[in-house]
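# Results of the structural survey
Listed below are the residues making up each chain.
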Amino acid sequence: YNNTFNEKHSVSGMLVFTTREELIGNAGDLQQSLPFRNIGLAGRLTYAFDNRYFIEGNFGYNGSERFSSKERYGFFPSAGVGYMVSNEKFFEPLSHIITKLKLKGTYGLVGNDNIGEAKDRFFYLSNVNLDNSDRGYVFGTDFGYSKNGVSISRYEDPFITWEKAYKQNYGIELGLWGKAELQLDYFRENRKNILQKRSAIPSTMGLQATPQSNVGESFGSGVDMSLDYSQSFNKDFWLTMRGNFTYATAEFKVYEEPEYSSTPWRRHKGQKLSQQWGLIAERLFIDEEDVKNSPVQQFGEYMAGDIKYRDVNGDGKISELDKVPIGYPTTPEINYGFGLSVGYKGLDASFFFQGSGRQSFWLDLKKITPFLDGDAGENGEDGLLGQNAVLDVIANSYWSENNRNPYAFWPRLANQSVENNNQTSTWFMQDATFLRLKSVEIGYTVPKNLVKKFKVQNLRFYVSGTNLLCWSKFKLWDPEMAGNGLGYPVQRVINVGLNLGF
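The rules behind the values
Residues numbered from 1 in each chain as written. Predicted model: local features only at pLDDT ≥ 70, side-chain atom pairs only at ≥ 80, totals over all residues. Heavy atoms only, no water. Salt bridge = Lys/Arg side-chain N within 4 Å of Asp/Glu carboxyl O. Helix = DSSP H or I, 4+ residues; strand = E, 2+ residues; numbered from the N terminus. Buried < 20%, exposed > 50% of the residue type's maximum accessible area, 1.4 Å probe, protein only. Contact = heavy atoms within 4.5 Å. Pairing = 2+ DSSP bridges.

### Remarks on the pattern of salt bridges
Counted by the stated rule, this structure contains 29 salt bridges. A salt bridge links arginine 121 to glutamate 65, with the nearest nitrogen and oxygen atoms 2.7 Å apart. Placement of arginine 121 in the loop between strand S6 (98-112) and strand S7 (127-139) and of glutamate 65 in the loop between strand S4 (53-64) and strand S5 (73-84) is noted, with a sequence separation of 56 residues between them. For the pair arginine 121 and glutamate 65, one class covers both residues: buried. Across the salt bridge formed by glutamate 401 and arginine 404, the nearest N and O atoms sit 2.5 Å from each other.

### Re the environment of leucine 435
Here leucine 435 is to be found in strand S23 (residues 434-445). Here leucine 435 falls in the partly exposed class, since its relative accessible area comes to 23%. Taking the C-alpha atoms as reference points, leucine 435 and leucine 469, separated by 34 residues in sequence, lie 8.5 Å from one another. Contact partners of leucine 435, with chain neighbours within four places excluded, come to Tyr336, Phe338, Phe353, Gln354, Gly355, Leu469, Cys470 and Trp471.

### Things to note about unusual backbone geometry
If you check the backbone angles, phenylalanine 371 has positive phi at about 70 degrees while not being a glycine. Within the element layout of this structure, phenylalanine 371 appears in the loop between helix H3 (365-368) and helix H4 (392-396). Phi angles above zero are rare outside glycine, and asparagine 467 is one such case at about 55 degrees. By secondary structure assignment, the location of asparagine 467 is in strand S24 (residues 458-472). Taking relative accessible area as the criterion, asparagine 467 reaches 12% and is therefore assigned buried.

### Some remarks on the pairing of S6
Both faces of the sheet carry side chains from a regular strand, because those side chains alternate between them. For S5 and S6, the ladder comprises seven bridges, and the chain directions are antiparallel. Its bridge partner lying in S6, tyrosine 83 is registered against leucine 103. Strand direction decides the pairing type here: S6 and strand S9 (residues 163-176), joined by 14 bridges, are antiparallel. In the sheet register, leucine 103 faces S9, and the bridge partner there is isoleucine 172.

Written out as structure tokens, the structure reads:
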């Protein structure tokens, strides 16, 4: 629906009904092999008065198969207002400087049913295996007979419902001299009903599976800004610039967990959503005497050349209680980019830089530990035979009897996985901050008076490249590949071509 009553009033609206069905072949599980289905009804109504005042309302009424009949449908409304200050009469004296000034704000509720794992298909139904050999029993003479037992991987819970996010956004759009435009937004989000596994249920209840509930809450906020500038100096010389910057962070406000009064660093409450916990690595053990004189580390067998961790709580041993928040979140909190395009007569050039910051990642030790089958699955078997090769950085810097460097890149070499060295720690933590020259293009357009003789309207030659340079503290491979540098790499591409129009 769209209607303009007169020059000052305009109204528009729409209503959309959607259904979605998805089927996964060879899912390996009865529940996951059933068709995934969702339905939704969405609507929008907007009103504008005199190109100065704007209001918009939206709603979504969605249904999800994942919840019980009482929780299956959710209503999620939102509203926004805008005020074009620069279109007011009192603003005319400033219009030659501030060509645009708009204030805006939105508030809304968003629902999410994509919670839990894929196996949690229907939260309101229990998942029972009536023929589980791991929970069977034997009987008879010499225990020669056996019978499989019953296991439960999920208990029914008809009260699990939508995860809800209450979103706010306040922004300003500012245009200056008709050449520059700044957009600045501040946003915040209160997320509730986050699905979490219950930790306050004692083992004496005898439950086979840990129940889940909508008990978590989080809060996030940030700023998003962009700046555009365009200038035509004359008919032959022009310039455009653009930059953008986003900072976003979120932390847990409610998180069900044990009471960590004696080890407060173990708490999730108040920490970032993708914060990682790990051990503080001090150095490598120099020799066996160093091992004997240090706190006992409870992560398998270890010896000289293995990683030495810090006893955070001072109890004389290194355990799970010594794991603290380390590094930045695994999701970048800062993303930005900037670029420029310039042209003079037929020649044009452009470039764009992209970067991110406040993000950490950990090396994927299964992929790079030498002399191990790095492609094997969790059970250690993938049907293939092979061992990881020795990376150059490991070959050049590892602990050995002849090189007892306590700060070598790699601990002692071994022909098996060393549990002590595989713990999440600061030793293999990396800073993912980077700045990349994302794209560059240089072109030349042949003047039309030269090409029209050949009945050609336009002829342009160009050279372009992507992912040409990258600056980062991390030097082993491209930081955007994170912990697995042996995966498919980020490609550097150079193109040479022409655009021909008739």
